[in-house]
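What follows is the residue order along each chain.
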Amino acid sequence: MDAKRLTRLALLTALALIIFTVELQLPTLAPVPGMKLGLANIITVYAVYSFSAGETAMILVVRVLLGSLIAGNMMSLAYSMAGGMLCLAGMLLLRRVIDKKHIWVCSILGAVLHNIGQTCAAIVLMQTSTVIAYLPFLLVSGCVAGALTGMAAQLVVSRMNK
Amino acid sequence: MIRSQKFWIAVCAVIFAAGLAWSIILLTMSHGDKVTVTRDGVVLYTLDLSKEPDREFTVEYEGRKNVVEIKDGRIRVKEADCPDHVCVRTGWLTAKIPIVCLPNRLVIEYADSDLDAVAG
Amino acid sequence: MKKLLCLPIAALIMLCSCADSSSEHIKTLYCMDTHMTLKAYGDKAEAALEKAVGTLVDLDAKWSVTNTDSEIYKVNHAGGGTVQVSPETSELVSFGRDMYEKSDRTLDISIYPILLEWGFTIHYYKVPAQERISKLLWNVNASKIGVNSSGVTVPADMMIDLGSVAKGAASDMICGELRKAGVESAVLDLGGNIQTLGSKPGSGKWKIGIRDPEGSGIIGSVSVENKAVVTSGGYERQFTENGKTYHHIIDPSTGWPAESGLVSVTVIGDSGRMCDALSTSLFIMGAEKAYHYWRKTGGFDYIALTKSGELLVSSGIAEDFDLDKDHKNIKVTVVK
């Protein structure tokens, strides 16, 4: 990997972390565990459509790890990681069938997968299936948030290519 | 079919609608008065809110605490030292949606069980 | 229209519960390292529960193995000398000691140093070296405990812990207290050790669930009156090292976690401390030995879940046992 590419990846990771940290300061909309806008996902979605699978995974893993450290909430690491990985795997597959004009669709499905992954991690860790009661709320919010971040990412992708 | 962009948009629409419908069902589902307080998969207390006096108790997990309050037949997490405080902001337990504190592995929910106690 | 219908029904239900004179009283507390819920019914329940809580705190102070002011701590640190203790402590130590022989040497209240070595008492788990276990096993032998009118004596290198019988004994004691105070029905949950007093007002028998070793649900339930229901299982405290899981029920003959092919054992009987002791014993014995023990001794019933997913239910409780609806795949065998 050349230095230029590495720098771009590092820059994107840093950018994702900044967005993540800023979002931490925003008040959460509803008291549902795991519900958030997920603005840092703009970077992930952008990376999915601009970088290789390995490179995108690197950005995401580093962002999730450092993000949990910054948030001072290592317990949420398992949830974020499970959600993040499922979301990433799904979007990497979907990018083969969803074109660059419909990135927002891919982003919605990614967000939904993220919510499913989070919920699964919570079921395993909490040893109770009751947390599934939050899934419908997460799905609704995931669709909305996914569409927003996806549109933002789509904008970035189209402008960067100009 | 899966190469069609419309197909994926339709999938999104279905998920959104299903999530919405499911949420509404959960919000309007009826529940009894029995509540279970579960930590780390183990039921600590089974309480009948219609008969509980107003009081507070503390549940600990790895040194962190959640203060649970029962008042006028309702239950909530009053204070917690978890990082996100989602459990506190959830407020009083309503409908069939549990109060969850992910960091402290605490779940408070309406139970539909007719058990008097659980051995084990 | 449906909503309109709900109103009179709700009103009716409320009226019914008002007419029910046997009001329910609940106390919850954290004691003996566990969460307890005491439920009792009737006018006398409130005061009696208040007293029961006091008794539990008092017993915990006497029986704690870590509290340096406890009687058990003093017994363990007397360097082989005799320590004067309260009647209830001496009674329980003597019960524990006798259970050693009665349980075919599966229940040993002097196993404590080995539990310590495994780290089960402090949640700092490790697998000890075999030499270490062998060495410690020399001093594990409950028959060496002396109990008489002047007090309790344990040899200098020995330590006892009433953990395997304390909750059962405590539930027996407060059950007796409640009865004396005129309470006719109560259900006591001492960290999963259940004791029922009388029958449930209005509906007869108490329905007691048996915890599913995997997950948070139950595998089934038993309907009982005036009985104790105690479950022991490795799942209560365990850790994994190098891919192998070790649980806290130590076989006193080996010093290692019992590998008997059972996942959990529930004992139903009149005496809480007996059920408490036997649930551990039968777990260590395994299905075959447990069955013969039950045939020989009697006086209790048991429900054992094997690793292969079979549920063995002794004939005395079979009729009052219900398999949970989510576990219909479990094969239930009634043993006679």
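Here the structure is shown first, and the text comes after it.
For clarity, every value in this text was computed on a predicted model and none was experimentally measured.

Participant: So, the packing of aromatic side chains: which residues are in play, and what are the values?
Facilitator: Residue and element names in this part refer to chain C. Evaluated as defined, the whole model comprises 16 aromatic pairs over all chains. With 6.3 Å between their ring centres and 55 degrees between their planes, Trp-118 and Phe-239 make a pair best called tilted. Of the two residues, Trp-118 is situated in helix H5 (residues 112-118) and Phe-239 in strand S11 (residues 238-241); the sequence distance between them amounts to 121 residues. For the pair Trp-118 and Phe-239, a shared accessibility class is recorded, and that class is buried. Consider the rings of Phe-120 and Phe-239, whose centres lie 5.6 Å apart with planes at 55 degrees: the pair is tilted.

Participant: So what's going on with the interface of chain A and chain B? Which residues, and what values?
Facilitator: Counting residues at the interface gives 36 residues for chain A and 34 residues for chain B. Buried surface at the junction of chain A and chain B, both sides included, amounts to about 3,100 Å², of which 75% is carbon and sulfur. If you look at where chain A meets chain B, you find zero salt bridges. Where chain A meets chain B, there are four residue pairs in polar contact (both at pLDDT 80 or more).

Participant: Please give an account of the pairing of strand S1 (residues 24-31) of chain C that cites residues and values.
Facilitator: Residue and element names in this part refer to chain C. Most of S1 is tucked away, with seven of its eight residues classed as buried. Direction of pairing for S1 relative to strand S2 (residues 34-41): antiparallel, over a ladder of eight bridges. Each bridged residue has a counterpart across the sheet, and for Lys-27 the counterpart in S2 is Leu-38.

Participant: I'd like to hear about the pattern of salt bridges, residue by residue, with values.
Facilitator: In the structure shown here, the tally under the stated rule is 20 salt bridges over all chains. Close ionic contact of B:Arg76 with B:Glu69 constitutes a salt bridge, the shortest N to O distance being 2.7 Å. Two residues, C:Glu88 and C:Lys62, come together in a salt bridge whose shortest N-O distance is 2.6 Å. Of this pair, C:Glu88 sits in helix H4 (residues 87-102) while C:Lys62 sits in helix H2 (residues 45-63), placing them 26 residues apart in sequence. What makes C:Glu88 partly exposed here is its relative accessible area of 24%. Taking relative accessible area as the criterion, C:Lys62 reaches 14% and is therefore assigned buried. Overlapping salt bridges bring together C:Lys27, C:Glu46 and C:Glu50 as one network.

What counts as what
Residues numbered from 1 in each chain as written. Chains lettered and ligands numbered in written order. Predicted model: local features only at pLDDT ≥ 70, side-chain atom pairs only at ≥ 80, totals over all residues. Heavy atoms only, no water. Phe/Tyr/Trp six-rings, centres within 6.5 Å; stacked < 30°, edge-to-face > 60°. Helix = DSSP H or I, 4+ residues; strand = E, 2+ residues; numbered from the N terminus. Buried < 20%, exposed > 50% of the residue type's maximum accessible area, 1.4 Å probe, protein only. Contact = heavy atoms within 4.5 Å. Buried area = accessible area lost by both parts, 1.4 Å probe. Salt bridge = Lys/Arg side-chain N within 4 Å of Asp/Glu carboxyl O. Polar contact = N/O pair within 3.5 Å; in protein donor to acceptor, adjacent residues only side chain to side chain. Pairing = 2+ DSSP bridges.

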